[in-house]
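What the coordinates show
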Amino acid sequence: MPNGQHGQQQPPAGGQWYPPEWPDRIRALADGSLTPVAPRRAATVMLLRDTPAGPAVHMLRRRASMAFAGGAYAYPGGGVDPRDAEHQVGWAGPSRQDWAARLGTDAAAAQAIVCGAVRETFEESGVLLAGETGDTVVGDTTGDTWEADRQSLVARELSFAEFLDRRGLRLRSDLLGAWARWITPEFEPRRYDTWFFVAALPEGQRTRNASTEADRTVWIRPADAADGYDKGELLMMPPTISTLRSLEPYGSAADALAAAGGQDLTPVLAQAVLEDGVVVLSWPGHDEFTKRVRLGGPA
């Protein structure tokens, strides 16, 4: 999942991922020698399934060798494909205009973002939120022809609209709920404007580790994942642990989906200031992530 933070972590309080180059980049932003790059649109999906102990969420652990968030746990997700804004897509559920109002974009951008969420979930977990009609969902997607199409999507040889047309499928936008929106800090070299969605695992489908960027996948209750983070056992970026904590109150995947319409989609963007040689990094509304780092070492 893209959040745009980059580098190797310092020993965190809990499992918060914190790259060592951040203070220098923050100082450069403050003195005007660093110009922020425009964030790229992205989408990520918290895929849920019910268990006797409550809903579990599907998470990936990024390979330790990855320059971006190596070793961190995240959800399936990635950048939005601009082609998904341009072509007619088989569609079911709330209209593109309805999604535009919810996401705070125009209809074309909303289509691309929702398509990105569904496509990335298929690319990275093999789960496809689409069906032949507006009230059906495909079953098993593990066959050779499905895998060939998935690989073509990953390589961007096939657009998502072309994939749906080839399969005679309609995207089930009603199976998604928009949950949160986080924007990568301005001092980062790789930035994303990421919409987080929630969805339930369709009956008959199963997840698999289809991502080349992940070395492990897990189904884990949000409370257990948050506990692992608090103990420093599971490494996560602020958007991931924040959204995990926000899922804890819900007793089923359906409850979470029903609550999605009431979630605040105001973008969360980190703020950084210099105070007497100390970098203070904060995420408005999320005090637990505030960091104070003295230039040259932790404060």
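Going by the structure above, here's the rest.
Okay, so let's go over this structure. Everything quoted here is computed from the prediction, not taken from an experiment.

The subject of this paragraph is the overall build of the protein. Per the secondary structure count, the protein includes 9 helices and 15 strands. Every one of the 299 residues in the protein was classed for burial, and the buried ones make up 52%. Counting only contacts in the protein whose residues sit at least 6 apart along the sequence, the fraction spanning at least 24 positions is 70%. With the model as given, the accessible surface of the protein reaches about 12,300 Å², and the carbon-plus-sulfur share is 47%.

Even without being glycine, Arg 156 reaches a positive phi, approximately 60°. Tracing the sequence through the fold places Arg 156 in the loop between helix H5 (144-154) and helix H6 (160-167).

So, about the packing of aromatic side chains. Within the structure shown, the criterion is met by 9 aromatic pairs. With a centroid separation of 6.3 Å and an interplanar angle of 90°, the aromatic rings of Tyr 75 and Phe 196 are classed as edge-to-face. In this pair, Tyr 75 sits in the loop between strand E3 (73-74) and strand E4 (77-79) while Phe 196 sits in strand E9 (residues 192-200), placing the two residues 121 residues apart along the sequence. Relative accessible area serves as the criterion here: at 0%, Tyr 75 is assigned to the buried category. In this structure Phe 196 comes out as buried when scored by relative accessible area, which is 0%. With centroids separated by 6.2 Å and ring planes inclined at 80°, the aromatic side chains of Trp 283 and Phe 289 adopt a geometry described as edge-to-face. The burial state of Trp 283 is the same as that of Phe 289; both residues are buried. Taken together, Phe 122, Trp 146, Phe 160 and Phe 163 form an aromatic cluster joined through their ring pairs.

Right, let's talk about the environment of Pro 55 for a bit. Looking at where Pro 55 falls in the secondary structure, it is placed in strand E2 (residues 54-62). Pro 55 gets classed as buried once you look at its relative accessible area, which sits at 9%. Residues Pro 55 and Gly 251, 196 residues apart in the sequence, show an inter-C-alpha distance of 6.5 Å.

A few words on the environment of Leu 281. Along the chain, Leu 281 turns up in strand E13 (residues 278-283). Of the residues examined, Leu 281 reaches a relative accessible area of 0% and is grouped as buried. Separated by 12 residues in sequence, Leu 281 and Val 293 have C-alpha atoms that sit 8.2 Å apart.

Reading the values: rules and limits
Residues numbered from 1 in each chain as written. Predicted model: local features only at pLDDT ≥ 70, side-chain atom pairs only at ≥ 80, totals over all residues. Heavy atoms only, no water. Helix = DSSP H or I, 4+ residues; strand = E, 2+ residues; numbered from the N terminus. Buried < 20%, exposed > 50% of the residue type's maximum accessible area, 1.4 Å probe, protein only. Contact = heavy atoms within 4.5 Å. Areas by Shrake-Rupley, 256 points an atom, 1.4 Å probe, with all protein chains shown as cover. Phe/Tyr/Trp six-rings, centres within 6.5 Å; stacked < 30°, edge-to-face > 60°.

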